[in-house]
Amino acid sequence: MIGDRWGVSPPEVARHYPCDELVAEPVLQVWRGVTARAEAGHVWRWVAQIRLGPYSYDWIDNLGHRSPRQLRDLPDPEPGEPFTTARGRPVGSILAVMPGQHLTGQIMGAIMSYVLVPEGEATRLLLKVVVAQGRVVAPLLSVGDLVMSRRQLLNLARLAELTAAG
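So, here's what we can say about the structure. (Residues numbered from 1 in each chain as written. Predicted model: local features only at pLDDT ≥ 70, side-chain atom pairs only at ≥ 80, totals over all residues. Heavy atoms only, no water.)

1. Remarks on the environment of Arg124
Okay, step 1: Mapped onto the elements, Arg124 comes out in strand β8 (residues 122-131).
Okay, step 2: Expressed as a C-alpha distance, the spacing of Arg124 and Val8, which sit 116 residues apart in the sequence, is 9.4 Å.
Okay, step 3: Each residue touching Arg124, except ones within four places of it in the same chain, is listed here: Gly7, Val8, Glu12, Gly33, Val34, Thr35, Val115, Leu116, Val117 and Glu119.
Okay, step 4: In terms of polar contacts, Arg124 uses its side chain to reach the backbone carbonyl oxygen of Gly7, at 2.6 Å. (Helix = DSSP H or I, 4+ residues; strand = E, 2+ residues; numbered from the N terminus. Contact = heavy atoms within 4.5 Å. Polar contact = N/O pair within 3.5 Å; in protein donor to acceptor, adjacent residues only side chain to side chain.)

So this is what it looks like as structure tokens:
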């Protein structure tokens, strides 16, 4: 399918993600990945901060309000908490967390798992999105998610690298 993979290798697509436990037969699956030149601890703090903003194209997802560019002293996320904030209000819910390793949430019918894979002094930040049911216009949803998720992962990686550097 067009746009179902960006920045991931075949082994990364084949790996098990926490969202796979929650959706047995998805009607849509997409995978995204980026390498952050920062250790997993730095990357995790930014992934955990998704609760404060989408970190994609804020002018679309967040009514022009910029996602925070400084780390906040947040506790680790917990299941049941809002997943993110968009357009000034909490959206979705956190479904599963293993601090420093993965964050899985639900938003607008999609379940997504962010997985951190340490690689020496760098970290692979992987994202898998699955949709369980519904009338999905899969190619359009896949391409739309690609645009937004790509921006989000690149922003999170860049912010983690800046935090690690100084």
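On we go.
2. Some thoughts on the environment of Gly80
Okay, step 1: Residue placement: Gly80 occurs in the loop between α3 (58-61) and β3 (84-86).
Okay, step 2: In sequence terms Gly80 and Gly92 are 12 residues apart; their C-alpha atoms lie 9.2 Å from each other.

3. Things to note about the pairing of strand β7 (residues 110-119)
Okay, step 1: Of all 10 residues that make up β7, 7 are buried, and the element is covered over most of its length.
Okay, step 2: In this sheet, β7 lies alongside strand β6 (residues 102-107) in antiparallel orientation, the contact comprising 6 bridges. Note on β7: the bridge partner recorded for Leu103 is Tyr114.
Okay, step 3: Here β6 folds back onto β7, and the loop between the two strands holds 2 residues, one of which, Met108, carries a positive phi near 50°.
Okay, step 4: Two elements, β7 and β8, share 10 bridges in a ladder whose sense is antiparallel. Looking at the pairing, Val117 lines up with Arg124 of β8.
Okay, step 5: Counting the residues that bridge the hairpin from β7 to β8 gives 2 residues, and of these Gly120 lies at a positive phi of roughly 65°. (Buried < 20%, exposed > 50% of the residue type's maximum accessible area, 1.4 Å probe, protein only. Pairing = 2+ DSSP bridges.)

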